[in-house]
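If you want the building blocks of each chain, they are given just below.
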Amino acid sequence: MNIGAFLITFREALEAAIIVAIIIAYLKRTKREQQIKSVWMGLGLSVLASFALGVAVLKIYGGLEEKELFEGLASYLAVIVLTSMIYWMATKGANIKEEIESKVSQAINPLALTAFTFIVVFREGLETVLFLTPFATQDLGGTLLGLILGLAGALGLAYLIYGIGMRINMRTFFYYSSILLIFVAAGLLGYGTHELIEFAEEEGISLGWFAQTAYDLGIPKDSIWYHKGAVGSIFAVLFGYSTKMEWGRLILQSGYMVFALHLVIRAYKKEPQLSLQGQRGVLREGT
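Residues numbered from 1 in each chain as written. Predicted model: local features only at pLDDT ≥ 70, side-chain atom pairs only at ≥ 80, totals over all residues. Heavy atoms only, no water.

Peer 1: Mind laying out the packing of helix α1 (residues 3-29) against helix α2 (residues 36-62), listing which residues take part and the relevant values?
Peer 2: Relative placement of two packed helices is described by the angle separating their axes and the distance separating the axes. Running from amino to carboxyl end, α1 crosses α2 at an angle of 165°, the nearest separation of the two axes being 10 Å. Here α1 is positioned roughly antiparallel relative to α2, judged by the angle of their axes. Handedness of the α1/α2 crossing: right-handed. For the pair α1 and α2, contact is made by V20, I23, I24, L27 and K28 and by I36, V39, W40 and L43, respectively. (Axes fitted to C-alpha atoms, helices over the stretch in contact; angles between N-to-C directions. Helix = DSSP H or I, 4+ residues; strand = E, 2+ residues; numbered from the N terminus. Parallel < 35°, antiparallel > 145°, perpendicular 65-115°, else oblique. Left-handed = near helix turned anticlockwise from the far one by under 90°. Contact = heavy atoms within 4.5 Å.)

In structure tokens form, the structure reads like this:
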């Protein structure tokens, strides 16, 4: 199983579950229960669209000749979107309930409610596809397993919170999961940089010291500590570990990690904890 794929899918699916829970709770509270079926329809369509998008991306990748370029650019794009998502949740996530309820109050007819649900949930699906593409190009089987288990875990946790009423500090959950995802994103940035360096070398483009080896641990490929070995691959996904790195990869990966961690930690320290805790109570109203 690809742990990075599991973490990303778990986080994105849980966010989608929170959105759906907010919508349903609001509809019940405002005596619009008959429109809940429109929410489920929008959710189903968004899942199908996300799946179709994922299949299309893999088909495009399979037909490419310059896979290093695709993997490098896909990794960079995933890092940009993933970082934006993490920072948005840290700074604006406390207001998500108010924003969604405001939109739902304006979506009076079933078609508008279906369209709104589709858009907000498909955004999570689109992000998931973008994030998982770099992993899928390296290990399709492990990525699919991580995707399935991530979905199952998120749905299970959502049921425990909104179905049974289990108490959990959502702010604390998002804080620590964001830190983990920063490490995953740093690894993706490093991997993307490595692939772009390889592409440049194949094209005869000299990158100078940027492409020179910064360190080489000398660990053989058949060792469990090799970055594709049984143990090393786990550290590679979670922390961007590699037995050998170019200067460009080392600088960008390390620099991103320090900068992104600083931003996220500072953002969560500024946000009042009551906002997301209060969210939990409201979400349970519809259960």
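Having seen the structure, we can now continue with the description.
Peer 1: Give me the lowdown on the nonpolar core, citing residues and values where you can.
Peer 2: Formed by 63 residues in total, the largest nonpolar core has its most connected members in L14, I23, I100, V104 and Y256. Broken down by element, this core gets its largest block of residues, 17 residues, from α1. Once residues within four sequence positions are removed from consideration, Y256 is found in contact with V79, T83, I182, A185, A186 and L189. (Core = buried A, V, L, I, M, F, W, Y, C linked by side-chain atoms within 4.5 Å. Buried < 20%, exposed > 50% of the residue type's maximum accessible area, 1.4 Å probe, protein only.)

Peer 1: Go over a nonpolar patch on the surface, please, and point to the residues and values.
Peer 2: Together, Y159, L160, I164 and M166 line one region of the surface with nonpolar side chains, adding up to about 380 Å² of accessible area. Take I164: its relative accessible area is 55%, and that puts it in the exposed class. (Patch = residues over 30% accessible without salt bridge, like charges linked within 9 Å, V, L, I, M, F, W, Y side chains within 5 Å. Areas by Shrake-Rupley, 256 points an atom, 1.4 Å probe, with all protein chains shown as cover. Salt bridge = Lys/Arg side-chain N within 4 Å of Asp/Glu carboxyl O.)

Peer 1: Give me the side chain of E127: which residues, what numbers.
Peer 2: Positionally, E127 belongs in helix α5 (residues 110-138). Although E127 is buried, it makes no salt bridge; R123 carries the closest opposite charge, 4.7 Å away. Sequence-distant contacts of E127, defined by excluding residues within four places in its chain, comprise E12, V81 and M85. (Lys, Arg positive; Asp, Glu negative; His and termini not counted.)

Peer 1: Could you give an account of the pattern of salt bridges, with specific residues and numbers?
Peer 2: Enumeration over the complete set of coordinates arrives at three salt bridges. Of the charged contacts, one joins E15 and R11 as a salt bridge, the two residues approaching to 2.8 Å between their closest N and O atoms. With a gap of four residues between them, E15 and R11 both fall in helix α1, about one helical turn apart. E15 gets classed as buried once you look at its relative accessible area, which sits at 6%. Judged by relative accessible area, which is 1%, R11 ranks as buried.

Peer 1: Describe in detail α2, supporting the description with residues and values.
Peer 2: With 27 residues, α2 extends 40 Å between its outermost C-alpha atoms, agreeing within 8% with the 39 Å of an ideal straight helix rising 1.5 Å per residue. Restricting attention to buried positions, one finds in α2 the residues I36, S38, V39, G42, S46, S50, G54, V57 and Y61. (Expected span 1.5 Å × (residues − 1).)

Peer 1: Tell me about the layout of surface pockets, and please be specific about residues and values.
Peer 2: Looking at the largest pocket, its volume works out to about 1100 Å³. In terms of lining, the largest pocket is formed by 42 residues, of which the most central are T9, A13, A16, V47 and L151. Elements supplying a minimum of two residues to the lining of the largest pocket: α1, α2, α5 and α6 (140-164). With 11 residues, the top contributor of residues to the lining of the largest pocket is α2. Residue composition of the lining of the largest pocket, grouped by class: 28 nonpolar, 11 polar and three charged. There is about 890 Å³ of room inside the second largest pocket. In terms of lining, the second largest pocket is formed by 36 residues, of which the most central are Q138, Y191, H227, K228 and R249. If you list the elements that add at least two residues to the lining of the second largest pocket, you get α5, α7 (170-202), β1 (213-216), α8 (232-239) and β2 (244-246). Its residues placed into classes, the lining of the second largest pocket shows 15 nonpolar, 12 polar and nine charged. (1 Å grid on protein atoms, 1.4 Å probe; cavity = no way out; pocket = protein on both sides within 12 Å on 5 of 7 lines; lining within 4 Å. Points joined across faces, edges and corners; volume = space filled by probe spheres on them. Nonpolar A, V, L, I, M, F, W, Y, C, P; charged D, E, K, R; others polar.)

Keep in mind that these numbers describe shape and distance, not what the molecule does.
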